[in-house]
Amino acid sequence: MKHLLISLILLFGASSVIFGQLEEKMKKEGVVKGTVIIKGKTIDGFIKRMGLTYHDNEWYPAPWDFQSKIKFCPAKTFEKTEKIKNKHFEKYDAKDIDGYTYDSLIYESVKYADMSAVGMDMLPKKMFMRRITEDKISLFHHFYKMPDVMVYEGNEYVELLQENAIPNLVYRIGKKGKLKLVNNLNIEKELADCPSVVEKQQKGEYKVVGKEGEETSGLKKVLNNSVFRENVRLQAIQDFNENCN
């Protein structure tokens, strides 16, 4: 028993040293643990850190970075190679893989048309999009990317950085449905196969303005379907997921 206890202590100590060395190596190389999914197969490894941009001596969130290319190094290569170089990282974009995980977040390769954009960006294109719920109607976060070249005055650039860091909620009906902004969901048309949801929408039961049990009409109904449009649609999506086939 004494020998077993000593062996366990030594094993634990060795594991702690190895873990500490890996953590130090990850910090040095600027990576986090992650996986890539290629043709349904999951590969463990490490992904170059993303999601921050440096401006005027300050770091700002840049979540749109997660929608473009990633740099990935397989776990075996990273852990067994003493000196990591750029050649050890594979670049993947949304047309190359099914998706990836990053620091416990899930990013799926999808096709999406940003109808708020101008020019070529309005055309549907492949990108990685963070999936925040998976259900009959799934929800995703989409971020507007920063313009490549623009001239800004004063705090305009910082204001745009902060504005673009706010996610746009996007939904998808089923596994192969078209991704659209939650704000654009036509409840009565797109959720027509669930009569109870359509009926509640027609009666104004999905609401932010108006007390529980109170008849919603007139200005309150307009407010719920304009100013609070997204919130109302999220209520309908939740109801659909919980109560409709």
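Residues numbered from 1 in each chain as written. Predicted model: local features only at pLDDT ≥ 70, side-chain atom pairs only at ≥ 80, totals over all residues. Heavy atoms only, no water.

Asks: Got a minute to help me understand the packing of aromatic side chains in this structure?
Replies: Centre-to-centre distance and the angle between the planes together describe a pair of aromatic rings. Evaluated as defined, the whole model comprises seven aromatic pairs. Pairing phenylalanine 72 with tyrosine 92 gives two aromatic rings, centres 6.4 Å apart and planes at 50 degrees, and the pair type is tilted. Residue phenylalanine 72 is found in strand E5 (residues 70-74), and its partner tyrosine 92 is found in strand E6 (residues 90-92); the two are separated by 20 residues along the sequence. We note that phenylalanine 72, like tyrosine 92, is buried. Counting every residue linked through ring pairs, the aromatic cluster contains Phe66, Tyr100, Tyr102, Tyr107 and Phe128. Its end group placed over the ring of phenylalanine 78, lysine 25 keeps NZ or CZ at 5.0 Å from the ring centre. (Phe/Tyr/Trp six-rings, centres within 6.5 Å; stacked < 30°, edge-to-face > 60°. Helix = DSSP H or I, 4+ residues; strand = E, 2+ residues; numbered from the N terminus. Buried < 20%, exposed > 50% of the residue type's maximum accessible area, 1.4 Å probe, protein only. Lys NZ or Arg CZ within 6 Å of the ring centre and 35° of its normal.)

Asks: Got a minute to help me understand the side chain of histidine 142 in this structure?
Replies: On the secondary structure map, histidine 142 appears in strand E10 (residues 137-142). Once residues within four sequence positions are removed from consideration, histidine 142 is found in contact with Gln67, Tyr112, Asp114, Met127, Met129, Pro167, Asn168 and Val170. (Contact = heavy atoms within 4.5 Å.)

Asks: Explain helix H5 (residues 195-203) here, please?
Replies: For H5, the full list of buried residues reads Val197, Val198 and Gln201. When H5 is viewed along its axis, its buried side chains cluster within an angular range of 100 degrees and face the same direction. Along its buried surface, H5 packs onto helix H4 (187-190) and helix H7 (229-243). Looking one or two residues past H5, glycine 204 carries a phi angle of roughly 75 degrees, positive in sign. (Arc of directions from axis to C-beta.)

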